[in-house]
Amino acid sequence: MKEKFLKFVGKHYLNPKNSLPDRDFIRRILSLLLPINSKSCFVEKERKSTEKDFYFEEHIKAQLGSIESESVLLKPKDVKPPFPVVIAFHDHGGYYFHGKGRLYMDAPPGSFMFEYRKKGYQERRWVLDLVKNGFAVFCPDAFYFGSRRLKMEIVKEFVEDEVYQELISLDEESDEYVRLFNKISSKLEPVIWKNINLLGTNWPAVLLNEDIAWINYLLTREDIDRNGMGSVGFSLGGFRSFLTSALKPEIKACVVVCFMGEFDENMLGKCAAHTFMVHIPSLSRYMSFPDIAGLIFPRDLLIMVGEYDHLFPKERIPAIKENIEKIYNQLPEKLSFKVFTEGHVFSVKMQEYAIKFF
């Protein structure tokens, strides 16, 4: 497939990539391709705590420049602060209406959220298992999801009036509303992508700027152990976990679930169904996506892939594994690369493996 596209597009202007780029090169290229303010920080505006069976659920509203966003911090009752914390990045899944909520909120059987969690996480609110094991868990909304989902004035601008009228006629808390909102958001991804680029940045940069600003917010809190910080995410969440860990050395242990591929090898053609949110412009001109692990080394890294993941063909798994093992060859005990006989899912077995890793 790659050769077909190269023949169609033309390869005379493409640069040969280094076989294993060094850390300075990776850092320099990422700084050019991802315009990010590494010192930006969300400013807390409101904090409300709710007591649950074995933890406290703390809702945070915060501001970053002109935008407002929300996150939740789940704190175990039987652990004294400062807490070791795991940042749990939610996935994409075409589910835009809720962001962080899909990871921890209770959902009645048969509801959209319940069925979604059943498919992607085998019904488990896996972040609560981390809390039971003594970790605080921090879940921020990503740009375009949850509290950062599409504003209605943008929806009204870009969709047909009859679709807009149908949406506003529905109860916002109903599954029918969620399904239609998700459909609209999916349809508008290419439009949003184009407009973000016209503004002079790109989607991964917007996404990661906000994630990093949330991490910087965490680092200001006295109840958080700055030396006990990890990250984990499935699918888009895995992309976010991997990139934020590469850019923020304060993250000591990183877990990537079902997001480890080569943009120019196994995400082309039929597998180019990946969201626009993960396409870092021109990255493949300089390096392969797994090379970014060079900025995480020598910190702990766990990569879990599904042998039958339709978004990342299994034929490339050995090459990706070999690439990352070369990066960690001096400290192989710091790397765990695990292949599961699964599809694109964060299964119970994978969840348990991640908890043991932390």
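Structure shown above.
Sequence order as written defines the numbering, with residues in each chain counted from 1. Totals for whole chains, interfaces and linings use every residue, but because this is a predicted model, local features are given only for residues with pLDDT of at least 70 and side-chain atom pairs only at 80 or more, for both listing and counting. Neither water nor hydrogens contribute to the side-chain values; these are computed over all heavy atoms in the structure.

## So, helix H12 (residues 317-327)
Considered for burial, the residues of H12 that qualify are Ile317, Ile320, Asn323, Ile324 and Ile327. Along the long axis of H12, the arc covered by the buried residues comes to 130 degrees, so they all point the same way. Residues of H12 that are buried make contact with strand E8 (300-306) and strand E9 (335-340). Think of it in three bands: residues with accessible area under 20% of the maximum for their type are buried, residues over 50% are exposed, and the middle band is partly exposed, with areas taken using a 1.4 Å probe on protein chains only. Helical segments are the DSSP runs of H or I of at least four residues, strand segments are the runs of E of at least two, and each set is numbered from the N terminus. Read the arc as the range of directions from the helix axis to the C-beta atoms. When checking whether two residues touch, look at their non-hydrogen atoms; a contact exists if any pair is within 4.5 Å.

## Here's the deal with the pattern of salt bridges
The salt bridge criterion pairs a side-chain nitrogen of Lys or Arg with a carboxyl oxygen of Asp or Glu, the two atoms within 4 Å. For the structure shown, the criterion picks out 22 salt bridges. Taking the shortest distance from any N to any O, the salt bridge between lysine 48 and glutamate 46 comes out at 3.5 Å. The exposure class of lysine 48 is exposed, given its relative accessible area of 53%. Residue class for glutamate 46 comes out partly exposed when judged on its relative accessible area of 30%. Close ionic contact of aspartate 223 with lysine 75 constitutes a salt bridge, the shortest N to O distance being 3.8 Å. Of this pair, aspartate 223 sits in the loop between helix H9 (203-219) and strand E6 (224-234) while lysine 75 is found in strand E3 (residues 67-76), placing the two residues 148 residues apart along the sequence. Since its relative accessible area comes to 15%, aspartate 223 is described here as buried. Relative accessible area serves as the criterion here: at 14%, lysine 75 is assigned to the buried category.

## Quick notes on empty space enclosed by the protein
The rule is simple: put a 1 Å grid over the protein atoms alone, call a set of points where a 1.4 Å probe fits but cannot get out a cavity, call an open set with protein on both sides within 12 Å along at least five of seven lines a pocket, and count a residue as lining if it has an atom within 4 Å of a point. Grid points are joined across faces, edges and corners, and a volume is the space filled by probe spheres set on the points. Within this structure, the stated rule accounts for two cavities of 30 Å³ or more. Taken together, Cys258, Phe259, Met260, Val305, Gly306, Asp309, Phe312 and Ile317 make up the lining of the largest cavity. Each residue is assigned to one of three groups, with Ala, Val, Leu, Ile, Met, Phe, Trp, Tyr, Cys and Pro labelled nonpolar, Asp, Glu, Lys and Arg labelled charged, and all others, Gly among them, labelled polar. Split by residue class, the lining of the largest cavity holds six nonpolar, one polar and one charged. One number sums up the size of the second largest cavity: a volume of about 40 Å³.

## Comments concerning the packing of helix H8 (residues 175-198) against H9
Two elements in contact, H8 and H9, have axes whose closest approach is 9 Å; the angle formed by their N-to-C orientations is 85 degrees. Between H8 and H9, the angle is such that the two are roughly perpendicular. Between H8 and H9, the residues in contact are Glu189, Ile192, Trp193 and Ile196 and Trp203, Pro204 and Val206, respectively. Tallied by class, residues from the contact of H8 with H9 come to six nonpolar, no polar and one charged. Lines are fitted to the C-alpha atoms to define the axes, a helix being fitted only along its stretch in contact, and any angle between axes, read from their N-to-C directions, falls within 0 to 180 degrees. With respect to orientation, any angle under 35 degrees is reported as roughly parallel, any angle over 145 as roughly antiparallel, any angle of 65 to 115 as roughly perpendicular, and every other angle as oblique.

## Thoughts on the environment of lysine 151
One can find lysine 151 in the loop between strand E5 (136-140) and helix H6 (152-158). By relative accessible area, which is 43% here, lysine 151 ends up partly exposed.

## Description of the side chain of histidine 98
Position of histidine 98 among the secondary structure elements: in the loop between strand E4 (83-89) and helix H3 (101-104). Any N or O atom pair separated by 3.5 Å or less is treated as a polar contact, with the protein-specific requirement of one donor-capable and one acceptor-capable atom, and with residues adjacent in sequence counted only for side-chain atom pairs. Here the side chain of histidine 98 touches tyrosine 95 through a polar contact of 2.6 Å, side chain to side chain.

## Considerations on the nonpolar core
Counting residues in each nonpolar core, the largest one holds 98 residues, and the members touching the most others are Val127, Tyr144, Phe289, Leu301 and Ile324. The dominant element in this core, judged by the number of residues it contributes, is H8, at nine residues. What phenylalanine 289 contacts, discounting residues up to four positions off in sequence, is Phe239, Phe242, Leu243, Phe259, Met260, Gly261, Phe263 and Leu283. In this structure, Leu64, Ile67, Phe83 and Ile224 belong to the second largest nonpolar core, which totals 21 residues. By nonpolar core is meant a set of buried Ala, Val, Leu, Ile, Met, Phe, Trp, Tyr and Cys residues that side-chain atoms within 4.5 Å join together.

## As for the sheet that holds strand E1 (residues 43-51)
Should DSSP find at least two bridges between two strands, the strands are taken to pair. In spatial order, the strands read E1-E2-E3-E5-E4-E6-E7-E8-E9; together these nine strands make up an open sheet with mixed pairing. Two strands lie at the open edges of the sheet, namely E1 and E9, each paired on one side alone. Adjacent strand axes in the sheet meet at a mean angle of 20 degrees when their direction is disregarded. Judged from the six bridges that link them, E4 and E6 form a sheet pairing that is parallel. Bridge pairing in E6 places phenylalanine 89 opposite glycine 233. Sitting on the sheet, helix H13 (residues 348-357) touches strand E7 (253-257), E8 and E9, and the angle it makes with E8 is about 175 degrees.

## Notes on unusual backbone geometry
Residue proline 82 is reached from proline 81 by a cis peptide bond, and omega for that bond is 5 degrees. Position of proline 82 relative to the elements: it lies in the loop between E3 and E4. Cis geometry marks the peptide bond from phenylalanine 297 to proline 298, where omega comes out at 10 degrees. Of note in the backbone geometry, glutamate 123 takes a positive phi value of approximately 75 degrees without being a glycine.

## Some thoughts on the environment of glycine 228
Here glycine 228 lies in strand E6. Here the alpha-carbon distance between glycine 228 and glutamate 250, two residues 22 residues apart in the chain, equals 8.6 Å. Aside from chain neighbours lying at most four places away, what touches glycine 228 is Pro84 and Val85.

Without other data, these values stay purely geometric and don't point to any function.
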